[in-house]
Amino acid sequence: MTDTPANRIAFQGTLGANSHIACRQVYPDMQPLPCATFEDSFTAVRDGEARLAMIPIDNSVAGRVADIHHLLPHSGLYIIGEHFQRVEHCLLGTADADIGGLKEIHSHIHALDQCRRLIAELGAEPVIHFDTAGAARDVAQWGDRAKCAIASSLAADIYGLKILRDRIEDADHNTTRFIIMGPEHLTPAAGSRKTITSFVFRVRSVPAALYKALGGFATNNINITKLESYIIDGAFTVAQFYADVEGHPDEQAMKWAFEELDFFTTEWTLLGTYPASPFRG
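Residues numbered from 1 in each chain as written. Predicted model: local features only at pLDDT ≥ 70, side-chain atom pairs only at ≥ 80, totals over all residues. Heavy atoms only, no water.

### A short note on the sheet that holds strand S12 (residues 195-203)
Pairing is antiparallel across the open sheet formed by 4 strands, whose spatial order is S13-S14-S12-S15. Looking at which strands have only one partner, the edges of the open sheet turn out to be strand S13 (224-231) and strand S15 (265-275). Across the sheet, the mean angle from the axis of one strand to that of its neighbour is 15°, orientation sign disregarded. Direction of pairing for S12 relative to strand S14 (residues 239-246): antiparallel, over a ladder of 7 bridges. (Pairing = 2+ DSSP bridges. Helix = DSSP H or I, 4+ residues; strand = E, 2+ residues; numbered from the N terminus. Axes fitted to C-alpha atoms, helices over the stretch in contact; angles between N-to-C directions.)

Below, the structure written as structure tokens:
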């Protein structure tokens, strides 16, 4: 792979993380660029160190990724695509490790939560790490056969660990939705394919404001596939909403829906219009 800024895709985490796997799945010819934080991933794209960023936004088991909805409106980037990645956790240990002798299991808190049955079965102490691949790297560096990590098979390959057991997640539908972000809108032509439009908005503090703001999507037969709220002020009086809808802003029905949204909101920001993943069916 050519390692130039134009051929790099940034992600939050360590090599071997599920975000790294998503990068390989969608852009196998691009060079992955690991970053310490989501903000660092955004900065890498804004500063021209990478062309794109792969950002997890939801998990079918753990729910939304913490903080990401607060960060998106201020990232300076736009959503240009989405990817649904099946998460397959593995129990990784040193070459001489035995599954019956494990004392500690290291991983990200979400991975630990998603593998509760195995942790209970082994009776080992769960230890929280910043990310799954980082836990695998640490276990490899420690060389302690009593310590293991929950991480990906890619992490096992990268850090030279043994897979003690694979597919250990409790739920067989464990899937993470990623959004792909870039420095410019890359909007497909209206009607060319099924599209998703993402935006954030704030409503006036009046009765039924949310109901009225979204009424235009109902009357124009536009499906809202995701709607979440989160508080953005210390007084707990201002809420911002994140929404995904099926459709394109250039379609007449969507134009009418956004006109109504505009009337009942204090502000709203378009985050991107992009092709719907085949995962959606």
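What follows picks up the thread again.
### Observations regarding the side chain of Thr197
With respect to the element layout, Thr197 can be found in strand S12. Of the polar contacts made by the side chain of Thr197, one reaches the side chain of Thr273; its length is 3.0 Å. Leaving out residues up to four positions away in the same chain, Thr197 has contacts with Ala243, Asp244, Val245, Gly247, His248, Pro249, Met254, Phe258, Leu270, Gly272 and Thr273. (Polar contact = N/O pair within 3.5 Å; in protein donor to acceptor, adjacent residues only side chain to side chain. Contact = heavy atoms within 4.5 Å.)

### What about the pattern of salt bridges?
The tally for this structure, following the rule as stated, stands at 15 salt bridges. Between Asp170 and Arg117 there is a salt bridge; the shortest N-O distance is 3.9 Å. Of the two residues, Asp170 sits in the loop between strand S10 (162-166) and strand S11 (175-182) while Arg117 sits in helix H5 (residues 116-122), which places them 53 residues apart along the sequence. Classification of Arg117 by relative accessible area gives exposed; the value is 56%. One network of salt bridges, in which partners are shared, links Asp58, Arg64, Lys226 and Glu228. (Salt bridge = Lys/Arg side-chain N within 4 Å of Asp/Glu carboxyl O. Buried < 20%, exposed > 50% of the residue type's maximum accessible area, 1.4 Å probe, protein only.)

### Observations concerning the layout of surface pockets
Roughly 660 Å³ of internal volume is contained in the largest pocket. Lining the largest pocket are 28 residues; nearest its centre among them are Gln12, Pro56, Val65, His108 and His110. For the lining of the largest pocket, the secondary structure elements donating two or more residues are helix H1 (18-26), helix H2 (38-46), strand S3 (52-59), helix H4 (109-114) and S11. Split into classes, the residues belonging to the lining of the largest pocket amount to 12 nonpolar, 13 polar and 3 charged. Its volume calculated, the second largest pocket comes out at about 160 Å³. Every residue along the wall of the second largest pocket is listed here: Asn18, Ile21, Arg24, Gln25, Gln85, Arg86, Glu88, Ser152, Ser153 and Leu154. Of all the secondary-structure elements, those providing two or more residues to the lining of the second largest pocket are H1, strand S5 (78-86) and helix H7 (153-159). Of all the elements, H1 adds the most residues to the lining of the second largest pocket, at 4 residues. Class assignment of the residues belonging to the lining of the second largest pocket gives a composition of 2 nonpolar, 5 polar and 3 charged. (1 Å grid on protein atoms, 1.4 Å probe; cavity = no way out; pocket = protein on both sides within 12 Å on 5 of 7 lines; lining within 4 Å. Points joined across faces, edges and corners; volume = space filled by probe spheres on them. Nonpolar A, V, L, I, M, F, W, Y, C, P; charged D, E, K, R; others polar.)

### Comments concerning the packing of aromatic side chains
In total, this model carries 9 aromatic pairs according to the counting rule given. With centroids separated by 5.8 Å and ring planes inclined at 15°, the aromatic side chains of Phe199 and Phe217 adopt a geometry described as stacked. Of the two residues, Phe199 is situated in strand S12 and Phe217 in helix H8 (residues 209-219); the sequence distance between them amounts to 18 residues. Given a relative accessible area of 0%, Phe199 falls into the buried group. Judged by centre distance (5.2 Å) and plane angle (75°), the rings of Phe199 and Phe258 are edge-to-face. Linking Phe199 in strand S12 with Phe258 in helix H9 (residues 252-264), this pair joins segments that are 59 residues apart in sequence. For the pair formed by Phe199 and Phe258, the shared burial category is buried. Taking the ring centre of Trp142 as reference, the NZ or CZ of Lys147 above it sits at 4.6 Å. (Phe/Tyr/Trp six-rings, centres within 6.5 Å; stacked < 30°, edge-to-face > 60°. Lys NZ or Arg CZ within 6 Å of the ring centre and 35° of its normal.)

### Focus on the sheet that holds strand S8 (residues 125-129)
Pairing is mixed in the open sheet, where 5 strands are placed in the order S8-S7-S9-S6-S10. With partners counted over all chains shown, the strands left at the sheet margins are S8 and S10, one partner each. Across this sheet, the average inter-strand angle for adjacent strands is 30°, counted without regard to direction. Contacts from helix H6 (residues 132-142) reach strand S6 (90-93), strand S7 (104-108), S8 and strand S9 (147-151), with the element oriented near 155° to S9.

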